[in-house]
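# Overview (structure and organization)
This is what each chain is made of:
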Amino acid sequence: MTITTGTTAPPPVRPYESYVYAYPHKTAYRPLADRPALRSLWAAEPKDALSLYLHIPFCEVRCGFCNLFTRIGAPEELTTRYLGALDRQALAVREALGDEEPVRFAAAAFGGGTPTFLTAGELERLCDIAEKRMGAELSAVPLSVETSPSTATSDRLSVLADRGTTRISIGVQSFVDEEARAAVRPQRRADVEAALGRIRDAGIPVLNIDLIYGIDGQTERSWLASLDAALTWRPEELYLYPLYVRPLTGLHRLGPAVTGPEAQALEDAAWDEQRLRLYAVGRDHLLAHGYEQVSMRMFRRTDAPREQEGPEDYACQTDGMIGLGCGARSYTSALHYSFDYAVDMREIRSIIDRFTDTEDFSRAEVGRYVDADEARRRHLLQSLLQAAGLAVAEYRARFGTDPGADFPAELAGFAQRGWLDASAPDGLLRLSPSGLAHSDALGPALFSPGVRAAMAAYERK
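Along every chain, residues carry numbers that run from 1 in the direction the sequence is written. Per-residue local features of the predicted model are confined to residues with pLDDT of at least 70, and side-chain atom pairs are confined, for both listing and counting, to 80 or more; whole-chain, interface and lining totals are unaffected and use all residues. Computation of side-chain values covers all heavy atoms of the structure but excludes hydrogens and water.

The subject of this paragraph is the state of the cysteines. Cysteine sulfurs are considered disulfide-paired once they come within 2.5 Å of each other. Scanning all chains against the criterion turns up 0 disulfides. Unpaired in terms of disulfides, Cys-326 finds its nearest cysteine sulfur in Cys-59, a separation of 12 Å. Whether a residue is buried, partly exposed or exposed follows from its accessible area with a 1.4 Å probe, protein chains only, as a fraction of its type maximum: under 20%, in between, or over 50%, in that order. The class for Cys-326 is buried, based on a relative accessible area of 0%.

Structure (structure tokens):
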């Protein structure tokens, strides 16, 4: 596919605009006036390769960079009440899916928050909700679970291993204690190493370690030290995340280090340069140590046994997702829906309390309808941000059009910046190394005007 480029040099952009992990973003969701019934939403949807996500909105601490929907601690048996609400929601959702055609889950994940904040007994109940209420056969599909150093205890990991977990993801962020403190993440390397030992002892096939670059005071030397510390555990996957300071987070509340627009612009430019440099150092180091790049963030060990990851028949661009829990999203072809969203701790506590008090989960409350244009944008986004790229034939088969015809200005702009791989085979739209490095600028450039306006109008809470 030929992308036409202009002759005028494109204006400069900041490389770190926004991490696009879902489109449209939750800040574009709004209360649904019609409160559609889940049964009607799912009536005509394919249900033979669904993804199941269970959200646990609890953590033992909240890191300074975190803007996830989670609260610190769970007083007064709150986890018991939360799991009770999750069970009621699962019953309502499974009933809404109906039995007119087979319902099959091709993948499952427990996220948060920190799912392993739950006790071993509560994790058993969580697995029962997924299996006995929803019908997901956890031992037969890929099951990914997030954990933290302090909650990756042997009894919890034993439950997860016994129930079929194929992948455990642990947020380490840095093996350097001073950097962890700078990111407002209270942990000691000795505790991290002990947790990694317990994970390996549990025998869960795929270990993922999350690391962050761009922390205040971090250098190439200290970044390589963290990478090498992670590599000693031979993780099947590594995720390298650029640090963001988002509104209402702990790091944001600490305030800017400088004052005045000019000084702030210089500081931002220096931070962008630091993150780009550390990204390149991390990427090259992992590629030299037997890893392949899957996306800007994800690196996979080339000799990791793929059969342990389970069937690969779930496609995030086209297949539906069932999300359970007050921070989970659900996707149909026409509507993405969830519950209310917040970052401020008081607001989060209020939303969780309302969730635990809910009896009727048969309707969608908050979301955004997805029209044909948004479906095209989402497909292009989720394919192009992967190192493998977008197969134009698959796009054409789904939509009857070509991405170059649907998004000529956007793709031409990417080509002008050198973000598209000119050497890609015919029929493949793929990012260049520079394009992958600028994924967090490229992704937001594909947002629709409507989604941009909704995100800008969102009142943070």
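Of all 5 residues in strand E6 (residues 143–147), 4 are buried; the element is thus mostly enclosed. When DSSP finds at least two bridges between two strands, those strands are taken to pair. Numbered from the N terminus, helices here are DSSP runs of H or I no shorter than four residues, and strands are runs of E no shorter than two. As defined by bridge partners, strand E5 (residues 105–112) adjoins E6 across 3 bridges and the pair is classed as parallel. Each bridged residue has a counterpart across the sheet, and for Phe-110 the counterpart in E6 is Val-145. Bridge count between E6 and strand E7 (residues 167–173): 4 bridges; the pairing is parallel.

Note on geometry: axes are lines fitted to C-alpha atoms, helical ones only across the stretch in contact, with angles between N-to-C directions running from 0 to 180 degrees. Running from N to C, helix H3 (residues 120–133) and helix H4 (residues 154–162) cross one another at 20°; their axes reach a closest spacing of 9 Å. The angle between H3 and H4 places the two elements in the roughly parallel class. Two packed elements cross with a definite hand, and for H3 against H4 that hand is right-handed. Here Ala-120, Leu-123 and Glu-124 of H3 come into contact with H4, specifically with Asp-155, Arg-156, Val-159 and Leu-160. Residue composition of the contact of H3 with H4, grouped by class: 4 nonpolar, no polar and 3 charged. Reported orientations rely on four angle classes, namely roughly parallel under 35 degrees, roughly antiparallel over 145, roughly perpendicular from 65 to 115, and oblique for the rest. Two helices crossing with the near one rotated counterclockwise from the far one by less than a right angle form a left-handed crossing, whereas a clockwise rotation gives a right-handed crossing. In what follows, residue pairs with any heavy atoms lying within 4.5 Å of each other are defined as contacts. Think of it as three bins: nonpolar holds Ala, Val, Leu, Ile, Met, Phe, Trp, Tyr, Cys and Pro, charged holds Asp, Glu, Lys and Arg, and polar takes everything else, Gly as well.

Turning our attention to the packing of aromatic side chains. Each aromatic ring pair is specified by the distance between its two centres and by the angle formed by the two planes. Any Phe, Tyr or Trp ring, taking Trp's six-membered ring, that has another such ring centre within 6.5 Å forms a pair; planes under 30 degrees apart are called stacked, those over 60 apart edge-to-face, and the others tilted. If you walk through the whole model with that rule in mind, you get 16 aromatic pairs. Taking 5.9 Å as the distance between ring centres and 65° as the angle between the ring planes, the aromatic pair formed by Tyr-19 and Tyr-241 counts as edge-to-face. Here the residue Tyr-19 occupies a position in the segment before strand E1 (30–31), and Tyr-241 occupies one in strand E9 (residues 237–242), the gap between them amounting to 222 residues. Tyr-19 sits in the partly exposed class, given a relative accessible area of 23%. A centroid spacing of 6.4 Å and a plane angle of 45° characterise the contact between Tyr-213 and Tyr-279, whose relative ring orientation is tilted. Here the residue Tyr-213 occupies a position in strand E8 (residues 206–213), and Tyr-279 occupies one in helix H9 (residues 261–288), the gap between them amounting to 66 residues. Residues Tyr-213 and Tyr-279 agree in their burial class; the two are buried. Ring pairs connect the aromatic residues Phe-58, Tyr-82, Phe-117, Phe-339, Phe-355 and Phe-361, which therefore count as one cluster. Cation over ring: Arg-275 sits above Tyr-244, and NZ or CZ is 5.8 Å from the ring centre. Think of it as a cone above the ring: NZ of Lys or CZ of Arg counts as a charge over the ring if it is within 6 Å of the ring centre and within 35 degrees of the ring normal.

Moving on to the nonpolar core. In terms of nonpolar packing, the biggest core is built from 112 residues, with Leu-52, Leu-86, Leu-211, Ile-322 and Leu-324 touching the most fellow members. With 10 residues, the top contributor of residues to this core is helix H2 (residues 78–97). Those residues in contact with Leu-211, other than ones at most four positions away along the chain, are Val-172, Gln-173, Ser-174, Phe-175, Trp-223, Ser-226, Leu-227, Ala-230, Leu-238, Tyr-239, Leu-240 and Tyr-241. Among the nonpolar cores identified, the runner-up in size contains 8 residues, and Ala-183, Tyr-239, Leu-243 and Met-298 belong to it. The term nonpolar core refers to a set of buried residues drawn from Ala, Val, Leu, Ile, Met, Phe, Trp, Tyr and Cys, joined through side-chain atoms within 4.5 Å.

Bringing the pattern of salt bridges into the picture now. Salt bridges are defined by distance alone: a side-chain nitrogen of Lys or Arg within 4 Å of a carboxyl oxygen of Asp or Glu. Counted under the stated rule, the structure contains 32 salt bridges. The shortest N-O distance in the salt bridge between Asp-272 and Arg-275 comes to 2.7 Å. Here Asp-272 pairs with Arg-275, and both are found in helix H9, just 3 residues apart, close to one helical turn. Residue Asp-272 shares its accessibility class with Arg-275, and that shared class is buried. In this structure, a network of salt bridges that share partners links the residues Glu-124, Asp-128, Glu-131, Lys-132 and Arg-163.

Attention now moves to helix H6 (residues 189–202). Taking 1.5 Å of rise per residue, the 14 residues of H6 would be expected to cover 20 Å, and the 20 Å separating its terminal C-alpha atoms lies within 8% of that figure. Along H6, the positions that sit buried rather than exposed are Val-192, Ala-195, Leu-196, Gly-197 and Ile-199. In the core, the buried residues of H6 are packed alongside E6, H4, E7 and E8. The first or second residue beyond H6 is Gly-203, which carries a positive phi of 80°. Here a helix's expected span is defined as the number of its residues, less one, multiplied by 1.5 Å.

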